[in-house]
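Architecture and fold: a report
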Amino acid sequence: MAEADSSSEELYDEGNWVFYKYRVDWNDVVPVPQDDGPYPIVAIAYSEKFRDIYDYFRAILKSCEKSERALQLTKDALDLNPANYTVWQYRREILKHLNKDLIPELQYVKEMIEENPKNYQVWHHRRVIVEWLQDPSYELNLTETILSQDAKNYHAWQHRQWVIRTFKLFNNELEYVEQLLDDDIRNNSAWNQRYFVINNTTGFTKEVIDRELEFTLNKIKKVTNNESAWNYLRGVLLHHTGGISQDPAVKKMCEELYLSGNRSPFLLAFLVDMCEEKIERADGDMNDSLQHAVQLCDILANEYDTIRKEYWNYVARSLSQRMNSSEDEATGSMKTE
């Protein structure tokens, strides 16, 4: 712990805080100091308050005490280190042993999440309490609150997906996702959530695919340099029987964007994949597809996606080698005949 933190804690200690070692109702407990061995390489400068609380926590852990005062001690310990898995686990054991009302615990962990929104252990504790209660009624509002502050908070999304899937709360989730995309069309987490909802409800039927393609193409037209929408388009087309190069609406949009002078690297990469799919399917003039793909790789490597220059050069070489191998096989087959 940094010296600045220690100093601020000690200032706080000068107020109403009473160390456990001075509390009469804890006189029966012998604190257990942390054992860093005889020669610690880098000794952490714990504040006096931190040492006091965790010395007493180790003592009750050792004696397996599960009481109201032990429960309060875990709260004090977590206030100092909310990422401590052992403290959270022991707190759950105490809650169960005392048969505590868990609704106040939900409020407590909500406050902890608001203070530590990217702390895995806090979210895990929340999940366990919800499982015990079998009551998800507070969870969507909680995650919406956290996501309103950070729309890409991984832990909030993970918790939301778990709750929705476990308790079948898919109703209105697409509407929520659309609201997020209206706020930020580049919100990759919202695009991912859209896929999650469809994949776990209707599935990608032909009707759904057509609807999602229309939705996504409209979003791409608004912001062509949005990688999230292009990735979602690919995800939808994975379920399309014609692959990525056969849907008329997709082909039309890509062609129109390219002919209009649009050189979004995501458009160009998508066109490369369309050419590659045509080559694999022997669809149309394979040489034209190859030449177009190599040309696209060249401008991606040298103008529009230079950070991945080596990758695009590799793709161009691989496509050329594949074509040459196919031609050699065809020639050898003709000679045999």
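Everything that follows concerns the structure shown earlier in this document.
Residues numbered from 1 in each chain as written. Predicted model: local features only at pLDDT ≥ 70, side-chain atom pairs only at ≥ 80, totals over all residues. Heavy atoms only, no water.

**Observations concerning the overall build of the protein chain**
Our working definition: By definition, any uninterrupted DSSP run of H or I lasting at least four residues is a helix, any uninterrupted run of E lasting at least two residues is a strand, and each is numbered from the N terminus. Exposed residues in this analysis have more than 50% of their type's maximum accessible area, buried residues have under 20%, and partly exposed residues fall in between, with area computed by a 1.4 Å probe over protein chains only. When checking whether two residues touch, look at their non-hydrogen atoms; a contact exists if any pair is within 4.5 Å. The method behind every accessible area is Shrake-Rupley, applied with a 1.4 Å probe, and residues are considered shielded solely by the protein chains displayed.
Counting secondary structure elements, the protein chain contains 16 helices and zero strands. Every one of the 337 residues in the protein chain was classed for burial, and the buried ones make up 45%. For the protein chain, the proportion of contacts with a sequence separation of at least 24, taken over those separated by at least 6, is 65%. Summing over all exposed atoms, the protein chain offers an accessible surface of approximately 18600 Å²; the carbon and sulfur share of this is 49%.

**Let's talk about the nonpolar core**
Heads up, the condition is: Grouping buried Ala, Val, Leu, Ile, Met, Phe, Trp, Tyr and Cys residues that are joined through side-chain atoms within 4.5 Å yields what is termed a nonpolar core.
In terms of nonpolar packing, the biggest core is built from 93 residues, with Trp230, Leu233, Cys254 and Phe270 touching the most fellow members. With nine residues, the single largest contributor to this core is helix α14 (residues 265-281). What Trp230 contacts, discounting residues up to four positions off in sequence, is Ile220, Thr224, Met253, Cys254, Leu257, Ser264, Phe266, Leu267 and Phe270.

**Focus: unusual backbone geometry**
Its identity is not glycine, yet Asn99 carries a phi of approximately 55°, on the positive side. Position of Asn99 among the secondary structure elements: in the loop between α4 (85-98) and α5 (103-115). With phi around 70°, Asn172 is a residue other than glycine that occupies positive phi space. Within the fold, Asn172 resides in the loop between α8 (154-167) and α9 (173-183). Asn172 gets classed as exposed once you look at its relative accessible area, which sits at 57%.

**Brief notes about the packing of helix α11 (residues 206-222) against helix α12 (residues 227-237)**
Just so we agree on the cut-off: In this analysis, axes come from line fits to C-alpha atoms, helices being fitted only over the stretch in contact, and the angle between any two N-to-C directions falls in the range 0 to 180 degrees. Note on terminology: angles under 35 degrees are roughly parallel, angles over 145 are roughly antiparallel, angles of 65 to 115 are roughly perpendicular, and the others are oblique. Here a crossing is taken to be left-handed if its near helix is turned anticlockwise relative to the far helix by less than a right angle, and right-handed if that turn runs clockwise. Asp, Glu, Lys and Arg are counted as charged, while Ala, Val, Leu, Ile, Met, Phe, Trp, Tyr, Cys and Pro are counted as nonpolar; the rest, among them Gly, fall into the polar class.
Their axes nearest at 10 Å, the elements α11 and α12 cross at an angle of 160°. On the basis of the axis angle, α11 is roughly antiparallel to α12. Between α11 and α12 lies a crossing whose hand is left-handed. For the pair formed by α11 and α12, the contact residues are Ile209, Glu212, Leu213, Thr216, Leu217 and Ile220 on the first element and Ala229, Trp230, Tyr232, Leu233, Val236 and Leu237 on the second. Within the contact of α11 with α12, the residues separate by chemical class into ten nonpolar, one polar and one charged.

**Let's talk about the side chain of Thr74**
Here is the rule: In protein, a polar contact requires one atom able to donate a hydrogen and another able to accept it; more generally it is a pair of N or O atoms within 3.5 Å, and residues adjacent in sequence count only if both atoms are side-chain atoms.
Considering the arrangement of structural elements, one finds Thr74 in helix α3 (residues 68-80). The exposure class assigned to Thr74 is buried, which follows from its relative accessible area of 0%. A polar contact is formed between the side chain of Thr74 and the backbone oxygen of Leu71, at a distance of 2.5 Å.

**A look at the packing of α8 against α9**
With their axes 13 Å apart at the nearest point, α8 and α9 run at an angle of 160° to one another. On the basis of their axis angle, the class for α8 and α9 is roughly antiparallel. Note on packing geometry: the crossing formed by α8 with α9 is left-handed. On the side of α8, the interface is formed by Trp157, Arg160 and Ile164, while α9 contributes Glu173, Tyr176 and Leu180. Partitioned by chemical class, the residues of the contact of α8 with α9 number four nonpolar, no polar and two charged.

**Points about the side chain of Asn84**
Looking at where Asn84 falls in the secondary structure, it is placed in the loop between α3 and α4. For Asn84, a relative accessible area of 18% gives the class buried. Here Thr86 takes part through its backbone nitrogen, which lies 3.0 Å from a polar atom of the side chain of Asn84. In contact with Asn84, not counting residues within four places along its chain, are Tyr54 and Leu78.

Without other data, these values stay purely geometric and don't point to any function.
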